[in-house]
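Structural characterization, general
These are the residues of each chain, in order.
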Amino acid sequence: MKVTGAQALFMALEREGVDVVFGIPGGAILPAYDPLIDSKVRHVLCRHEQGAGHAAEGYAWATGKVGVAMATSGPGGCNLVTPLADAKMDSVPIVAITGQVPTPVVGNDAFQEADITGITMPITKHNFLVKDANELVETIRAAFHIARTGRPGPVLVDIPKDVQLQEITWRWPEEVDLPGYKPTTKGNLKQVREAVKLILASERPVLYVGGGVIKADAAKELYRLAVDGRLPVVTTLMARGAFPDDHELALGMPGMHGCYAAVTAMQKADLLVALGARFDDRVTGQLATFAPEAKVIHVDIDPAEIGKNRAADVPIVGDAKDVIAKLHTELKRRQEELGGPPDRSAWLATLERWKREHPLRYEQPADGPIKPQFAIQRLYEHAKDAIVVSGVGQHQMWASQFWRFSEPRTWINSGGLGTKGFAVPAALGAAAGRPDRRVIAIDGDGCFQMTAQELATSTTEKIPFITAIINNAHLGMVRQWQELFYEERYSQVYLSHEVPDYAKLAEAYGCVGLRAEHPEDVDAVIEKALSITDRSVVIDFRCDPREMVFPMVPAGASNDDIILGPEQIKPTKDPSEAPVA
Amino acid sequence: MNGNGNGRRLHTISVLVEDKPGVLTRVAGLFAARGFNIDSLAVGPTAEPGLSRMTIVVQVDRKPLEQVVKQLNKLINVIKIVELEPGEAVERELMLVKVRAEGETRARVLEICDVFRVRVLDVTHKTLTIEGTGTPEKLQALLELLRDFGIVELARTGRIALARGDVGIRDRGRRLKAVGERGPEWTGGGV
């Protein structure tokens with residue numbers, strides 16, 4: 001069958017199981033947008049390519065499938081740079097398809113030309129420039145294979161306009177031939193046995209669970225390992241939902257703004273079992289003083305992560321699902337021989353005491369202003385089954401802290417790159433991928449304004465979700481750092497509660513705009529928002545700008561020096577001098 | 001060029017890559033992004049069509065070397081990497097050097113060439129252009145001597161190397177020398 005490159009592209013996307021792509025057309029991708037009309041693939045017309053990229057990410061986070069973004073050459077591709085870098089850092093499987101100027105003028109500084117494969121080389125898992133349509137189908141096939149297997153990540157395919165128009169004979173390659181790409185997925189059994197020996201010998205073990213467990217769909221395996229082994233669990237920002245927060249073995253989130261019990265358990269542990277986690281600086285704090293007594297079992301699909309920041313006593317390269325299942329089988333077998341798990345009641349009692357004595361806390365005065373944590377907690381009480389998406393900053397930390405997650409793929413955020421503006425488009429993508437689930441973006445007022453235009457997409461494409469803006473009139477996390485570490489010299493962090501009028505802005509985009517200004521409004525506004533299912537809703541929670549995120553381990557400090565609350569901070573000036581709204 | 005003090009030494013890495021556009025940029029970019037200076041890099045085709053071999057010399061500590069090799073191995077177009085230990089590999093480099101050689105010094109330069117068994121490629125009234133081939137150490141020694149006469153210009157290919165013994169890079173165990181120190185946890189290529 002004779003087809004054009006553009007037709008072959010969509011036939012290949014259909015073969016790959018793609019049901020939706022997020023994108024914006026433009027000159028160099030025009031030929032691809034014509035066969036799109038006749039394709040089964042749904043195109044969601046975004047308002048900014050960055051939005052399309054984050055939407056593809058949100059779709060991938062929520063569904064576990066590969067998200068797809070499309071854009072034109074030059075500025076179109078350049079606007080995908082941030083989502084690609086974000087997806088690289090957080091191992092999110094997405095494929096970006098970009099138009100390129102025709103091959104005869106590549107390199108001539110043609111209109112809307114940018115060397116997008118050159119630009120995105122360090123921020124993609126791999127990328128391709130397709131110079132001949134006869135190679136297009138196998139390239140698309142390879143792109144999806146690379147994106148979804150091994151350590152997942154973003155792949156970009158750049159297709160010059162003449163290649164999209166070139167006529168070829170359709171052929172679907174049965175196999176992907178990538179001689180340099182053979183990820184190790186099966187964990188080595190000898191290493192598994194070594195790991196189980198360490199687990200059985202340990203008195204103070206902690207399972208340090210990272211995003212790899214979610215990516216590998218290994219939550220069930222993790223649950224069995226933790227419960228049968230009586231092993232306490234910390235779930236990193238990337239792994240929230242991998243283990244139920246309400247379980248007695250759950251210690252919550254570790255790291256810079258982690259729970260006391262989670263942070264301190266890792267510090268005092270004699271064994272860390274890192275599962276799909278990478279000893280990121282936000283988790284370890286000062287590396288030299290991190291978990292000083294702990295031996296380390298490090299399970300990761302990426303050999304480069306093992307030993308990168310912390311030496312591993314037992315390294316195991318493999319897919320988390322496979323390795324955790326093997327660890328569980330071996331541990332269970334050994335425990336049955338030994339008559340049960342070792343007696344670690346003292347350790348578990350200590351952890352229980354830390355959880356009880358140092359819970360997350362805040363105070364909501366009845367006469368206001370609204371505390372961000374209160375708004376988030378009330379949202380959780382009303383919408384426990386929602387998929388939660390967040391931007392980056394204080395609201396992200398509070399959302400991760402105060403939402404009680406019970407299943408994987410219900411928490412979506414930008415962890416590694418820390419991309420402000422992630423939430424609204426990622427929520428759009430999540431809602432497109434999971435129309436059966438309520439999606440709530442918990443966003444900051446600073447973040448929201450970076451990508452709010454995708455509310456228009458939500459309305460016109462009928463992909464509704466709720467955006468709860470924790471409006472504290474500031475770039476809150478930067479403000480917090482200036483308060484704590486720059487003698488309250490506030491520099492360029494004030495945004496305003498009123499500008500823009502978020503409720504009116506929402507209405508202008510065809511959404512419902514709601515506002516809560518006092519604590520007593522909060523429940524009613526949330527109930528109202530949840531009663532609307534045919535349109536997107538934006539809630540403007542007017543929150544207290546002075547609230548800070550605690551606990552906190554200052555950057556570069558040891559996790560032993562965790563600050564539990566504002567009373568442990570010595571104010572450098574009268575807080576009333578702060579330029580709050 | 002020579003390895004010296006401060007805990008670092010020169011490591012020679014042999015990298016088998018697919019001959020695809022941009023592969024050199026990917027490899028070089030990775031070194032730059034991780035903050036390593038490449039001492040020399042030589043690239044050329046292998047006996048297998050579609051495959052090239054890069055010989056990279058980098059001055060770095062053992063642990064960061066392990067990390068960069070692991071990262072290199074993640075590149076989709078990289079098929080295999082081995083580190084060539086000095087005693088276990090044959091290493092050669094080629095250089096062209098134009099050196100001042102007028103009057104009575106010419107005989108002294110030619111004498112040095114004779115001792116080092118290197119060839120003269122071009123002669124003018126004022127200069128000799130010499131082709132030197134050998135181990136990097138030999139070329140270094142030759143250069144030291146020629147420097148006294150005045151070097152007009154110099155071009156070096158960078159080091160190329162092959163492991164001693166009867167097997168090729170493809171047939172060596174799947175475990176890579178530079179990354180496999182910690183045990184059998186690591187078996188494949190690419191991530």
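Attention now moves to the overall build of chain B. Along chain B, the regular secondary structure elements total 4 helices and 9 strands. Written out in order from the N terminus, the α and β elements of chain B read β-α-β-β-α-β-β-α-β-β-α-β-β. The buried share among the 191 residues of chain B stands at 45%. Taking the contacts inside chain B whose residues are at least 6 apart along the sequence as the reference set, 73% of them involve residues at least 24 apart. For chain B, the accessible surface area stands at approximately 9700 Å², while carbon and sulfur atoms represent 51% of it.

Now for the overall build of chain A. A tally of helices and strands in chain A yields 23 helices and 20 strands. For 581 residues, the compact-globule estimate of 2.2 N^0.38 gives 25 Å, and chain A sits close to it at 24 Å. Taking the principal axes of its C-alpha atoms as reference, chain A extends roughly 70 × 60 × 40 Å. Of all 581 residues assigned to chain A, the portion counted as buried reaches 62%. A fraction of 75% describes how many contacts in chain A between residues 6 or more apart in sequence connect residues 24 or more apart.

All names here are of chain A. The 6 strands are arranged β3-β2-β4-β5-β7-β6 in an open sheet whose pairing can be described as parallel. On the outer flanks of this sheet lie β3 (42-45) and β6 (126-129), each paired with one strand and no other. Sheet twist, expressed as the average angle between the axes of neighbouring strands with direction ignored, equals 20 degrees. Two strands pair when backbone bridges link them, and strand β5 (residues 94-100) and strand β7 (residues 154-160) are joined in this way by 7 bridges, in the parallel orientation. By the bridge assignment, Val 95 is partnered in β7 with Val 155. Across the sheet, helix α7 (residues 136-148) lies against β4 (67-71), β5, β6 and β7, angled at about 165 degrees from β7, the strand it touches most.

Time to look at the packing of aromatic side chains. Residues and elements named next belong to chain A. According to the stated counting rule, one finds 13 aromatic pairs over all chains in the structure shown. A centroid spacing of 6.2 Å and a plane angle of 80 degrees characterise the contact between Phe 279 and Phe 290, whose relative ring orientation is edge-to-face. In this pair, Phe 279 is assigned in the loop between β12 (271-275) and α13 (281-284) and Phe 290 in the loop between α13 and β13 (295-300), connecting sequence segments 11 residues apart. Both residues of the pair, Phe 279 and Phe 290, belong to the buried class. For the pair Trp 481 and Phe 485, a centre-to-centre distance of 5.4 Å together with 75 degrees between the ring planes defines the contact as edge-to-face. Of this pair, Trp 481 and Phe 485 are both found in helix α21 (residues 476-485), 4 residues apart, which corresponds to roughly one turn of the helix.

Once that is clear, we can look at helix α16 (residues 372-382) of chain A. Every buried residue belonging to α16 of chain A is among Pro 372, Gln 373, Phe 374, Ala 375, Ile 376, Leu 379 and Tyr 380 of chain A, and all of these are buried. As for α16 of chain A, its buried residues are in contact with α17 (394-402), β17 (439-444), β18 (466-471), α23 (522-531) and β20 (537-542) of chain A.

Before going further, it helps to examine the interface of chain B and chain A. Opposite the 23 residues of chain B that make contact, chain A presents 29 residues. Taken together, both faces of the contact between chain B and chain A bury some 2300 Å²; the carbon and sulfur share is 56%. Taken together, the links from chain B to chain A amount to 1 salt bridge. A salt bridge links Asp 302 of chain A to Lys 74 of chain B, with the shortest nitrogen-to-oxygen separation between them at 2.5 Å. Linking chain B with chain A are 6 residue pairs in polar contact (both at pLDDT 80 or more). Looking at the side of chain B that touches chain A, the elements with two or more residues in it are α1 (23-33), α2 (62-74) and β4 (78-84) of chain B. Considering every element that reaches the side of chain B that touches chain A, the biggest residue donor is α2 of chain B, with 5 residues.

Attention shifts here to the side chain of Glu 221 of chain A. In this structure, Glu 221 of chain A sits in helix α11 (residues 219-229). What Glu 221 of chain A contacts, discounting residues up to four positions off in sequence, is Lys 321, Ile 324 and Ala 325 of chain A.

Right, let's talk about the packing of α16 of chain A against α17 of chain A for a bit. Residues and elements named next belong to chain A. The interhelical angle for the contact between α16 and α17, taken along N-to-C directions, is 45 degrees, at an axis separation of 9 Å. By the angle between their axes, α16 is oblique relative to α17. Both α16 and α17 take part in a crossing whose hand is right-handed. Facing α16, whose interface residues are Pro 372, Gln 373, Ile 376, Gln 377 and Tyr 380, α17 presents His 395, Trp 398, Ala 399 and Phe 402.

Residues and elements named next belong to chain A. On domain assignment, one finds that chain A holds domain 1 (2-169), domain 2 (189-357) and domain 3 (372-577). Computed from C-alpha atoms alone, the centre-to-centre distance between domain 1 and domain 2 is 37 Å. Contact with domain 1, which involves 8 residues of that partner, is made by 6 residues of domain 2. Both sides together, the interface formed by domain 1 and domain 2 hides about 650 Å², and carbon and sulfur atoms give 61% of it. On the domain 1 side of the contact with domain 2, Trp 61, Asp 90 and Arg 151 bury the most area, a combined 65% of that side's loss.

Our focus in this paragraph is the domain arrangement of chain B. Residue and element names in this part refer to chain B. When its domains are assigned, chain B resolves into domain 1 (9-89 + 164-182) and domain 2 (90-160). Relative placement of domain 1 and domain 2: their C-alpha centres are 30 Å apart. Each partner contributes residues to the interface: domain 1 has 9 residues there, and domain 2 has 6 residues. Across the domain 1 to domain 2 interface the summed buried area is about 630 Å²; carbon plus sulfur atoms make up 56%. The interface formed by domain 1 and domain 2 holds 0 salt bridges in total. Run the count over domain 1 and domain 2 and you get 3 residue pairs in polar contact (both at pLDDT 80 or more). For the side of domain 1 that touches domain 2, the elements supplying multiple residues, two or more each, are β1 (9-18), β2 (38-45) and β3 (51-60). At 3 residues, the largest contribution of residues to the side of domain 1 that touches domain 2 is made by β2. The residue makeup of the side of domain 1 that touches domain 2, split by class, is 5 nonpolar, 3 polar and 1 charged.

On the surface, a cluster of negative charge is contributed by Glu 135, Glu 138, Glu 174, Glu 175 and Asp 177 of chain A. For Glu 138 of chain A, a relative accessible area of 42% translates into the label partly exposed.

Here is what the cut-offs are and how they apply
Residues numbered from 1 in each chain as written. Chains lettered and ligands numbered in written order. Predicted model: local features only at pLDDT ≥ 70, side-chain atom pairs only at ≥ 80, totals over all residues. Heavy atoms only, no water. Helix = DSSP H or I, 4+ residues; strand = E, 2+ residues; numbered from the N terminus. Buried < 20%, exposed > 50% of the residue type's maximum accessible area, 1.4 Å probe, protein only. Contact = heavy atoms within 4.5 Å. Areas by Shrake-Rupley, 256 points an atom, 1.4 Å probe, with all protein chains shown as cover. Rg over C-alpha atoms; globule rule 2.2 N^0.38 Å. Pairing = 2+ DSSP bridges. Axes fitted to C-alpha atoms, helices over the stretch in contact; angles between N-to-C directions. Phe/Tyr/Trp six-rings, centres within 6.5 Å; stacked < 30°, edge-to-face > 60°. Buried area = accessible area lost by both parts, 1.4 Å probe. Salt bridge = Lys/Arg side-chain N within 4 Å of Asp/Glu carboxyl O. Polar contact = N/O pair within 3.5 Å; in protein donor to acceptor, adjacent residues only side chain to side chain. Parallel < 35°, antiparallel > 145°, perpendicular 65-115°, else oblique. Left-handed = near helix turned anticlockwise from the far one by under 90°. Domains from an automatic or database assignment. Nonpolar A, V, L, I, M, F, W, Y, C, P; charged D, E, K, R; others polar. Patch = residues over 30% accessible without salt bridge, like charges linked within 9 Å, V, L, I, M, F, W, Y side chains within 5 Å. Lys, Arg positive; Asp, Glu negative; His and termini not counted. Charge placed at Lys NZ, Arg CZ, Asp CG, Glu CD.

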